[in-house]
Amino acid sequence: MKKKLLALVLAAAMTLSLASCGGSKTETPSTGSDNSSAEGATYKVGICQLVQHPALDAATQGFIDALNEALPGQVEFENKNASGEANNCGTIVNGFVSEGVDLIMANGTTSLQAAQAGTTDIPILGTSADGIDMAEDRGRFDALLEHLNIRRPKGMSITTLEEALDASEALGFPVLLRPSYVIGGQNMVIAHNDEDVRTYMEVILSGKIENPVLVDQYLMGKELEVDVISDGKIGR
């Protein structure tokens, strides 16, 4: 039953993605010859969104709309917002597990981490823990870029003020400082000198962070951000 729901979720998401591309007609992709077995079934989906944010709000609503279209009247949603607090994510996920929801949508990196730590039995819609770690772990991500022959600014991972000062000197000012495992540009600053680095690190370290701070060369110019959806298959 849960595998069937997950297949329908992916099909609905694909339909939504195709529709957003401006196609004149979209159809929900087939999820197998036994679609009729889902008719009449009811499902409960728990949604844990890290924080109220236009992009996350749109993703959550798009997910709800797509699933309602694929399974009209068959899905009950429990939509929870963690207000940006990691502890709240854990509490929300534990509640979903206790209720025995059929699927968890984790919207936000911290929500995903909480969901993946909270259950191995309930399907989770979101990037895998390994995928998140590869994107956030400086060494693994750099190795991936090297493998793909992608140019990038030099960067280092640090955990102390002394390491931050040494990294900034080695890379050359200005540098970009930000914590790893955070949403978007949260707590990101551009440091132009040692004093900027000290001020930033004092604030960050006072929060007793558990993950490294990333120090990158800052390149002057215009920023272009691209959001990409992939089916996990390598194509042309």
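Above this text is the structure in question.
None of these values were measured; they are calculated from a predicted model.

**Q** Any details on the environment of Ala129? Residues and values, ideally.
**A** With respect to the element layout, Ala129 can be found in helix α5 (residues 129-136). Residues Ala129 and Thr109, spaced 20 residues apart in sequence, show a C-alpha to C-alpha distance of 9.2 Å.

**Q** Help me get a handle on the sheet that holds strand β3 (residues 103-107), residues and values and all.
**A** Either a parallel or an antiparallel arrangement is found when strands of a sheet pair, and the pairing is made through backbone hydrogen bonds. Pairing is parallel across the open sheet formed by 4 strands, whose spatial order is β2-β1-β3-β4. Of all the strands in the sheet, the pair left with one neighbour each is β2 (75-81) and β4 (124-125). Sheet topology places strand β1 (residues 43-49) next to β3; 5 bridges connect them, and they run parallel. Considered in β3, the bridge of Ile47 is made with Met105.

**Q** How would you sum up the pairing of strand β6 (residues 175-179)? Please name residues and give values.
**A** Of all 5 residues in β6, 5 are buried, a share of seventy percent or more. Neither face of β6 is left uncovered, since the one carrying Val175, Leu177 and Pro179 and the one carrying Leu176 and Arg178 both have all their residues buried. Here β6 runs beside strand β7 (residues 189-191); their pairing, made up of 3 bridges, is antiparallel. Note on β7: the bridge partner recorded for Leu177 is Val189. Relative to strand β8 (residues 213-217), β6 is paired through 5 bridges, and the arrangement is antiparallel. Its bridge partner lying in β8, Leu176 is registered against Asp216.

**Q** Requested: an account of the side chain of Ser168, with residues and values cited.
**A** On the secondary structure map, Ser168 appears in helix α7 (residues 161-171). We classify Ser168 as buried; its relative accessible area is 0%. Setting aside its immediate chain neighbours within four residues, Ser168 contacts Phe173, Val175, Val197 and Val215.

**Q** An account of unusual backbone geometry is needed here, citing residue identities and associated values.
**A** Cis geometry marks the peptide bond from Phe173 to Pro174, where omega comes out at 0°. Note that Pro174 resides in the loop between α7 and β6. The backbone of Ser83 sits at a positive phi, close to 55°, despite the residue not being glycine. With respect to the helices and strands, the residue Ser83 is situated in the loop between β2 and α3 (86-99). Here Asn149, not a glycine, exhibits a phi torsion of approximately 60°, which is positive. With respect to the helices and strands, Asn149 occurs in the loop between α6 (138-147) and β5 (155-158). Asn149 gets classed as exposed once you look at its relative accessible area, which sits at 69%.

Quick notes on the rules
- Residues numbered from 1 in each chain as written.
- Predicted model: local features only at pLDDT ≥ 70, side-chain atom pairs only at ≥ 80, totals over all residues.
- Heavy atoms only, no water.
- Helix = DSSP H or I, 4+ residues; strand = E, 2+ residues; numbered from the N terminus.
- Pairing = 2+ DSSP bridges.
- Buried < 20%, exposed > 50% of the residue type's maximum accessible area, 1.4 Å probe, protein only.
- Contact = heavy atoms within 4.5 Å.

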